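# Geometric and topological summary
Okay, here's what each chain looks like letter by letter:
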Amino acid sequence: ELSDGASADIEVGESYDFSRGLKVTLSNDDAERTYTVKAGYQYPGSDFNHWAKDDFGNKNDIDGWDNGNNSAISSTKTLTVNEDEEVIKMESINATVLGIGRFASGNMFIGYFNPKGVGTLKLTSYDDGNELIDFGRPFYGRPKFVEFDVKYEGKKDSCDLYVILENRSRTSNEGKNQYRTSSDVNTMVASAWYRATTVDSEDDPDVVSITDAGRDGYKTIRLALKYGEPLDGSPIFNSSVFSKNLKNSAGIDNHLVQTDSPDDFDVTHIRVVMASSALGNLYKGTVGATLWADEMRLIY
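Residues numbered from 1 in each chain as written. Predicted model: local features only at pLDDT ≥ 70, side-chain atom pairs only at ≥ 80, totals over all residues. Heavy atoms only, no water.

### Brief notes about the pairing of strand β12 (residues 145-153)
Put simply, the rule is: We call two strands paired when DSSP finds no fewer than two bridges between them. For helices the rule is a DSSP run of H or I covering at least 4 residues; for strands it is a run of E covering at least 2, with both sets numbered from the N terminus onward.
Inspection of the sheet shows β12 paired to strand β16 (residues 219-224) by six bridges, in the antiparallel sense. By the bridge assignment, Val146 is partnered in β16 with Leu223. In the sheet, β12 pairs with strand β19 (residues 290-299) via nine bridges, with the strands oriented antiparallel. Paired with Val150 across the two strands is Ala293, which belongs to β19.

Structure follows, in structure tokens:
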């Protein structure tokens, strides 16, 4: 709304994209002032307070999120919700699949687990569990920071917490990677990554601060989203994010390409991963390592 006598160089009632910051000039008589208006929003379900039962009766689903332990053959202790506290509990376990033991990290992520419907007997043929996941869902904000309220008992293991903003050239089927072709390009616009044996470590370059959270025993980890190429020393370089080579030819290709010109790309997707064992996708880690997450916040 404009006060009497004022005018602006945008139209009242029209829609504008404020994700990058829009310059708005207001005039009133001989006075003129220019403002930069930026807006954003939280990814749905990021307070982790609204749970639903999955197809197997386990209460470990959040709308817009998924996890790799969401099946009838997985221990419900791998990922559970404490109804009194409304937090995510992610625990690393030795999962037994029809007599075949394999390590499983507790996790929650933005994406789709096993959208191709790989059968139970064939799941263990994927040497990188990430190839069973279609990472990321549509999102259009450009936040500066992300905060996680978490606690961790790692038993000398390491947890993973990260956010990646992407631009995907594929627009059909919500840009899902399961339909990706060789001509489709996923460009990483920004990233923030935390990997440590505790939630007190400030060693990773994206860490801005670590403070006591509102919930007793939890820490608030604030990470700066690095637009463009990641900072040296980022744990992203010890991941498969940029790898084009699939361990299983039938796996889902989630790889990203880097850019040194992030302003040239709109954000179309976000992927967020929280895991009790950082190498859980390779079935490596410590049984009993447990990560709790109370909330995730995007800050603009």
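### Focus: the layout of surface pockets
In plain terms, the rule: Cavities and pockets were defined on a 1 Å grid built over protein atoms only: a cavity is a set of grid points that admits a 1.4 Å probe from which the probe cannot escape, a pocket is an open set flanked by protein on both sides within 12 Å along at least five of seven lines, and lining residues are those with an atom within 4 Å of any such point. Grid points are joined across faces, edges and corners, and a volume is the space filled by probe spheres set on the points. Gly falls in the polar group here, along with every residue not listed as nonpolar (Ala, Val, Leu, Ile, Met, Phe, Trp, Tyr, Cys, Pro) or charged (Asp, Glu, Lys, Arg).
If you add up the space inside the second largest pocket, you get close to 210 Å³. Lining the second largest pocket are 14 residues, and of these Leu2, Ala8, Ile10, Val24 and Leu26 lie nearest its centre. Of all the secondary structure elements, the ones that give two or more residues to the lining of the second largest pocket are β2 (22-28) and β3 (31-37). Split into classes, the residues belonging to the lining of the second largest pocket amount to ten nonpolar, one polar and three charged.

### A closer look at the confidence of the model for the chain
Rules: The predictor reports its confidence for every residue as pLDDT, a score running from 0 up to 100. Contact criterion: two residues are considered in contact whenever any of their non-hydrogen atoms come within 4.5 Å of each other.
Of all residues in the chain, 93% have pLDDT values of 70 or greater, and the mean over the chain is 91. Across residues 72-78 the pLDDT falls below 50, and counting only partners more than four positions away or on other chains, this stretch makes 15 contacts in the model.

### Thoughts on the sheet that holds β2
Condition: Simply put, an axis is a line fit to the C-alpha atoms, just over the touching stretch for a helix, and the angle between two N-to-C directions goes from 0 to 180 degrees.
Judged by pairing direction, the sheet is antiparallel, and its three strands sit side by side in the order β1-β2-β3 without closing on themselves. Unpaired on one side and paired on the other, β1 (6-8) and β3 mark the two borders of the sheet. Pairwise comparison of adjacent strand axes, ignoring direction, gives a mean angle of 25 degrees for this sheet. Where β1 lies against β2, three bridges are found, and the strand directions are antiparallel.

### A short note on the side chain of Asn281
Defined as follows: Each residue is placed in one exposure class: buried if its accessible area under a 1.4 Å probe, protein chains only, is under 20% of its type's maximum, exposed if it is over 50%, and partly exposed if it falls in between.
Counting through the fold element by element, Asn281 comes out in the loop between β18 (269-275) and β19. Classification of Asn281 as buried rests on a relative accessible area of 18%. Excluding its chain neighbours within four sequence positions, the residues that come into contact with Asn281 are Asp127, Asp128, Gly129 and Asn130.

### Considering empty space enclosed by the protein
This structure, assessed with the given rule, holds one cavity of 30 Å³ or more. In this structure, the largest cavity spans a volume of roughly 30 Å³. Taken together, Asn114, Pro115, Lys116, Val118, Tyr126, Glu131, Leu132, Ala250 and Ile252 form the lining of the largest cavity.

### Considerations on the nonpolar core
Quick reminder of the rule: Here the nonpolar core consists of buried residues drawn from Ala, Val, Leu, Ile, Met, Phe, Trp, Tyr and Cys, with membership extended through side-chain atoms lying within 4.5 Å.
The biggest cluster of nonpolar side chains holds 38 residues, and the ones touching the most others in it are Trp65, Ile88, Phe148, Tyr194, Ile270 and Met274. At five residues, the largest contribution of residues to this core is made by strand β14 (residues 186-196).

### What about the pattern of salt bridges?
To keep it simple, the criterion reads: We define a salt bridge as a side-chain nitrogen of Lys or Arg found within 4 Å of a carboxyl oxygen belonging to Asp or Glu.
Enumeration over the complete set of coordinates arrives at 15 salt bridges. Of the charged contacts in the structure, one is a salt bridge between Arg195 and Asp160, with a shortest N-O distance of 2.8 Å. One end of the pair, Arg195, is in strand β14; the other, Asp160, is in strand β13 (residues 159-168), with 35 residues separating them in the sequence. The class of Arg195 is buried, set by a relative accessible area of 18%. Judged by its relative accessible area of 4%, Asp160 is buried. Among the ionic pairs, Arg271 bridges to Glu166, the shortest N-O distance being 2.7 Å. Residue Arg271 is found in strand β18, and its partner Glu166 is found in strand β13; the two are separated by 105 residues along the sequence.

### Observations regarding the pairing of strand β15 (residues 207-212)
Sheet topology places β15 next to β16; five bridges connect them, and they run antiparallel. Residue pairing across strands places Val207 opposite Leu223, the latter belonging to β16. The hairpin turn running from β15 into β16, its antiparallel successor, is six residues long, and Gly217 in that turn takes a positive phi close to 90 degrees.

### Remarks on the environment of Tyr179
By the element assignment, Tyr179 lies in the loop between β13 and β14. The class of Tyr179 is partly exposed, set by a relative accessible area of 38%. Residues Tyr179 and Ser46, spaced 133 residues apart in sequence, show a C-alpha to C-alpha distance of 27 Å. The contacts of Tyr179, once residues within four sequence positions are left out, are Arg170, Asn173 and Asp184.

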